Amino acid sequence: KNEVEQSPQNLTAQEGEFITINCSYSVGISALHWLQQHPGGGIVSLFMLSSGKKKHGRLIATINIQEKHSSLHITASHPRDSAVYICAVFLLRGGADGLTFGKGTHLIIQP
Amino acid sequence: DAGVIQSPRHEVTEMGQEVTLRCKPISGHDYLFWYRQTMMRGLELLIYFNNNVPIDDSGMPEDRFSAKMPNASFSTLKIQPSEPRDSAVYFCASSTWTEVNYGYTFGSGTRLTVV
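Here goes a summary of the coordinates provided. (Residues numbered from 1 in each chain as written. Chains lettered and ligands numbered in written order. Predicted model: local features only at pLDDT ≥ 70, side-chain atom pairs only at ≥ 80, totals over all residues. Heavy atoms only, no water.)

## Let's talk about the overall build of chain A
Broken down by element type, chain A carries zero helices and 11 strands. Helices and strands in chain A line up, N terminus first, as β-β-β-β-β-β-β-β-β-β-β. Taken against the 2.2 N^0.38 rule, which gives 13 Å for 111 residues, the C-alpha radius of gyration of chain A at 13 Å falls within 12% of a compact globule. Referenced to the eigenvectors of the C-alpha coordinate spread, the extents of chain A come out at roughly 45 × 25 × 25 Å. (Helix = DSSP H or I, 4+ residues; strand = E, 2+ residues; numbered from the N terminus. Rg over C-alpha atoms; globule rule 2.2 N^0.38 Å.)

What follows is the structure, given as structure tokens:
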């Protein structure tokens with residue numbers, strides 16, 4: 001069983017819609033990371049969270065440590081938001097371990 | 001800052017050949033990570049360094065893979081001999097960890113094709 005599960009795997013929405021991508025993990029973590037990978041392949045760090053909520057522009061990320069769950073929200077979605085969104089966790093092994101990744105959510109925003 | 005710089009961007013090689021991937025982390029970042037991405041397995045950690053010292057190489061698939069970090073500004077990932085199943089995109093990332101200064105940056109990746 002994968003330690004990090006994302007849902008949905010694929011999501012197609014219309015421009016302007018509110019988007020939610022979910023991430024659940026099964027082990028203790030020190031922090032959770034949301035990444036964005038565009039069709040060109042580059043990976044960009046969006047947020048790192050260890051508690052609560054963070055907001056950057058139209059993106060909002062929340063985490064509930066007790067429930068082992070995080071969500072990434074996109075408000076007023078736009079075609080340029082089309083990308084793969086990857087949830088990744090730092091496992092609670094002490095120190096700055098490398099990331100363990102979810103399989104990603106393929107998001108397509110249609111105009 | 002130019003970000004994390006990887007070279008080459010693309011590499012096509014024949015099975016059995018040695019392949020060397022290179023990475024220059026962001027200046028001041030004390031952690032360096034090598035990841036591999038395939039369609040089947042997604043992103044996986046191969047190895048990471050802290051202050052040039054390898055900390056965890058449990059993700060390195062087999063002895064054909066080796067990584068070095070001779071100084072704070074350079075790291076290599078070597079595959080010898082290469083096999084077709086090594087075809088993937090290899091990402092390098094660097095990071096720094098403090099309470100107030102967090103940075104985790106990926107390079108653009110090296111797309112390796114072994115034929």
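## What about the sheet that holds strand E1 (residues 5-7) of chain B?
Two pairing modes exist for strands in a sheet, parallel and antiparallel, and in both the strands are linked by backbone hydrogen bonds. Residues and elements named next belong to chain B. Sheet architecture is open: four strands sit in the order E1-E3-E8-E7, paired in antiparallel fashion. Looking at strand neighbours, the two that pair on one side only are E1 and strand E7 (65-71), the edges of this open sheet. Averaged over all pairs of adjacent strands, the angle between their axes in this sheet comes to 15°, without regard to strand direction. (Pairing = 2+ DSSP bridges. Axes fitted to C-alpha atoms, helices over the stretch in contact; angles between N-to-C directions.)

## Here's the deal with the state of the cysteines
All names here are of chain A. Applying the stated rule across the entire model yields two disulfides over all chains. Across the disulfide from Cys23 sits Cys87; the S-S distance is 1.9 Å. Looking along the S-S bond of the Cys23-Cys87 disulfide, the torsion reads about -60°, which is the left-handed sense. Residue Cys23 is found in strand E3 (residues 19-25), and its partner Cys87 is found in strand E9 (residues 83-91); the two are separated by 64 residues along the sequence. On the basis of relative accessibility, which here comes to 0%, the residue Cys87 falls in the buried class. (Disulfide = S-S within 2.5 Å. Buried < 20%, exposed > 50% of the residue type's maximum accessible area, 1.4 Å probe, protein only.)

## What about the interface of chain B and chain A?
Chain B puts 16 residues into the contact, and the matching count from chain A is 16 residues. Summed over both partners, the interface of chain B with chain A comes to about 1400 Å²; 63% of that surface belongs to carbon and sulfur atoms. Where chain B meets chain A, there are zero salt bridges. Across the contact surface, chain B and chain A share one residue pair in polar contact (both at pLDDT 80 or more). Looking at the side of chain B that touches chain A, the elements that each hand over two or more residues are strand E4 (31-38), strand E5 (42-50), strand E9 (88-97) and strand E10 (102-106) of chain B. Classifying every residue of the side of chain B that touches chain A by side-chain character gives 12 nonpolar, one polar and three charged. (Contact = heavy atoms within 4.5 Å. Buried area = accessible area lost by both parts, 1.4 Å probe. Salt bridge = Lys/Arg side-chain N within 4 Å of Asp/Glu carboxyl O. Polar contact = N/O pair within 3.5 Å; in protein donor to acceptor, adjacent residues only side chain to side chain. Nonpolar A, V, L, I, M, F, W, Y, C, P; charged D, E, K, R; others polar.)

## Thoughts on the environment of Gly59(B)
All names here are of chain B. Here Gly59 lies in the loop between strand E6 (53-56) and E7. For Gly59, a relative accessible area of 30% gives the class partly exposed. Counting along the chain gives 12 residues from Gly59 to Ile47, while the straight-line C-alpha distance between them is 6.0 Å. If sequence neighbours within four positions are ignored, Gly59 has contacts with Leu45 and Leu46.

## Observations concerning the packing of aromatic side chains
Inspection of every chain in the model, using the stated rule, returns 10 aromatic pairs over all chains. Between Phe101(A) and Tyr35(B) the ring centres are 5.1 Å apart and the planes differ by 80°, which places this aromatic pair in the edge-to-face class. Taken as a pair, Phe101(A) in strand E10 (residues 99-101) and Tyr35(B) in strand E4 lie in two separate chains rather than in one. Connected via pairs of aromatic rings, a cluster forms that spans Phe90(A), Phe101(A), Tyr31(B), Phe33(B), Tyr35(B), Tyr48(B), Phe91(B), Tyr104(B) and Phe106(B). (Phe/Tyr/Trp six-rings, centres within 6.5 Å; stacked < 30°, edge-to-face > 60°.)

## A word on the pattern of salt bridges
All names here are of chain B. Under the definition given, this model contains nine salt bridges over all chains. Note that Glu44 is salt-bridged to Arg41, the shortest N-O span being 2.6 Å. The closest approach of N and O atoms between Glu62 and Arg64, which form a salt bridge, is 2.8 Å. For Glu62, a relative accessible area of 27% gives the class partly exposed.

Purely geometric stuff here, so don't read any function into it on its own.
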